[in-house]
Amino acid sequence: MARSSSGRPLGRAFFDRPTTRVARELLGAVLTVRAGGDVRSVELVEVEAYLAHDPASHAYRGPTRRNRSMFGPPGTLYVFRIHQVVCANLVTRPGEAVLLRAARPRRPAHANPSGPGRLCRVLGLTIADDGQRVGPRGRLSVTAPRPRPRPDLVLRSPRVGISRAVDRPLRFSLAGDRWVSRPRPRAT
DNA sequence: GAAAAGATTACCT
DNA sequence: GGTAATCTTTTCC
């Protein structure tokens, strides 16, 4: 599969749009985390949308101490802990977010970011990053896919690992990409 | 204050 | 394919 180069930095205007659309357009985007001289980056191949009035969403019952970042401005990072692992989301509109599920490694090339917890581990994201804003000057930056994935390669399927609203097709992934996590999505 | 559940992963058969 | 690990937040009594 072709490796993309890095496009323009995505900011508030990109994230302040309907969540499913942001999710779909994040496929192929490059995430970069800079810590001191260390640079790590991946290219997204799988995400999930969590919407308002969505029983599967952490924001469903309103703001709490844990999920308050989900109500921050567009482009806020929401990091939460599950079991021994952390997972990261990008907030779109208040109360809605895109879970970053899997990616193709870029730097380092041998990393394995296939899975929400592994993706965070590869990028070095921790709970301390919760609430940060992404941006070209920040620790975490996101750049537009280049080239854009072919629309016919974007798959929609049910989300993974949840127990409510299990049938909503809010998981977006790139068809046939080896880095998409399990279970493999079935084309619709 | 106690109990349950969880947007996962690694390792077992 | 099934299950244990492991621990914090949320929820319920």
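Before reading further, recall that the structure is shown in the block above.
Before going into details, it helps to say that this report is about the structure given with it. (Residues numbered from 1 in each chain as written. Chains lettered and ligands numbered in written order. Predicted model: local features only at pLDDT ≥ 70, side-chain atom pairs only at ≥ 80, totals over all residues. Heavy atoms only, no water.)

Structural notes on the overall build of chain A
Part 1 of the argument: Check the secondary structure of chain A and you find 3 helices and 8 strands.
Part 2 of the argument: In sequence order, the secondary structure elements of chain A are arranged as α-α-β-β-β-β-β-α-β-β-β.
Part 3 of the argument: For a compact globule of 188 residues, the expected C-alpha radius of gyration is about 16 Å, and chain A comes in at 15 Å, within 12% of that figure.
Part 4 of the argument: Its C-alpha atoms put chain A at 40 × 40 × 35 Å along the principal axes.
Part 5 of the argument: Burial status across chain A gives 53% buried among its 188 residues.
Part 6 of the argument: For chain A, the share of sequence-separated contacts (at least 6 apart) that also reach a separation of at least 24 residues comes to 61%.
Part 7 of the argument: Summed over its atoms, the accessible surface of chain A is roughly 9500 Å², and 50% of this surface lies on carbon and sulfur atoms. (Helix = DSSP H or I, 4+ residues; strand = E, 2+ residues; numbered from the N terminus. Rg over C-alpha atoms; globule rule 2.2 N^0.38 Å. Buried < 20%, exposed > 50% of the residue type's maximum accessible area, 1.4 Å probe, protein only. Contact = heavy atoms within 4.5 Å. Areas by Shrake-Rupley, 256 points an atom, 1.4 Å probe, with all protein chains shown as cover.)

Examining the protein's contact with DNA strand B
Part 1 of the argument: As a structural note, the neighbourhood of DNA strand B is formed by 20 residues, with His 58, Asn 89, Gly 117, Arg 118 and Ser 163 the closest of them.
Part 2 of the argument: Of all DNA strand B atoms lying within 4 Å of any protein atom, the proportion belonging to sugar or phosphate reaches 56%.
Part 3 of the argument: Interatomic distance of 2.5 Å between a side-chain N/O atom of His 58 and a phosphate oxygen of DNA strand B.
Part 4 of the argument: Here a phosphate oxygen of DNA strand B and a backbone polar atom of Gly 117 are 2.6 Å apart.
Part 5 of the argument: Of all the elements in the fold, those that place two or more residues in the surface near DNA strand B are β3 (77–82), β4 (85–91), β5 (97–107) and α3 (116–123).
Part 6 of the argument: Tallied by class, residues from the surface near DNA strand B come to 10 nonpolar, 7 polar and 3 charged. (Near = heavy atom within 4 Å. Polar contact = N/O pair within 3.5 Å; in protein donor to acceptor, adjacent residues only side chain to side chain. Nonpolar A, V, L, I, M, F, W, Y, C, P; charged D, E, K, R; others polar.)

Side note on the nonpolar core
Part 1 of the argument: Core analysis: the biggest nonpolar cluster contains 41 residues, and Phe 15, Leu 26, Leu 44, Val 47, Leu 90, Leu 100 and Val 142 have the highest contact counts within it.
Part 2 of the argument: When residues of this core are assigned to their parent elements, the largest contribution, 5 residues, is made by strand β2 (residues 38–50).
Part 3 of the argument: Other than its neighbours up to four places away in sequence, Leu 26 contacts Leu 10, Phe 14, Phe 15, Leu 44, Leu 90, Val 98 and Val 142.
Part 4 of the argument: Within the second largest apolar cluster, 10 residues are counted, among which are Ala 56, Ala 59, Phe 80 and Val 91. (Core = buried A, V, L, I, M, F, W, Y, C linked by side-chain atoms within 4.5 Å.)

Digging into the protein's contact with DNA strand C
Part 1 of the argument: The local shell around DNA strand C consists of Arg 61, Thr 64, Arg 65, Arg 66, Arg 81, His 83 and Gln 84.
Part 2 of the argument: When atoms of DNA strand C within 4 Å of the protein are split into backbone and base, the sugar-phosphate part holds 76%.
Part 3 of the argument: His 83 places a polar side-chain atom, nitrogen or oxygen, 3.4 Å from a base nitrogen of DNA strand C.
Part 4 of the argument: A per-class count over the surface near DNA strand C returns no nonpolar, 3 polar and 4 charged.

Some words on the environment of Leu 119
Part 1 of the argument: Here Leu 119 shows up in helix α3.
Part 2 of the argument: Through-space distance from the C-alpha of Leu 119 to that of Leu 153 is 22 Å; in sequence the pair is 34 residues apart.
Part 3 of the argument: Ignoring any residue separated from it by four or fewer positions in sequence, one finds Leu 119 in contact with Leu 44, Leu 100, Arg 101, Ala 102, Ala 103 and Pro 113.

Observations regarding the pairing of β3
Part 1 of the argument: As defined by bridge partners, β3 adjoins β4 across 6 bridges and the pair is classed as antiparallel. Considered in β4, the bridge of Leu 77 is made with Leu 90.
Part 2 of the argument: With antiparallel pairing between neighbouring strands as the criterion, β3 and β4 make up a hairpin whose turn holds 2 residues, including His 83 at a positive phi of roughly 50°. (Pairing = 2+ DSSP bridges.)

Purely spatial values, then, with no claim about function.
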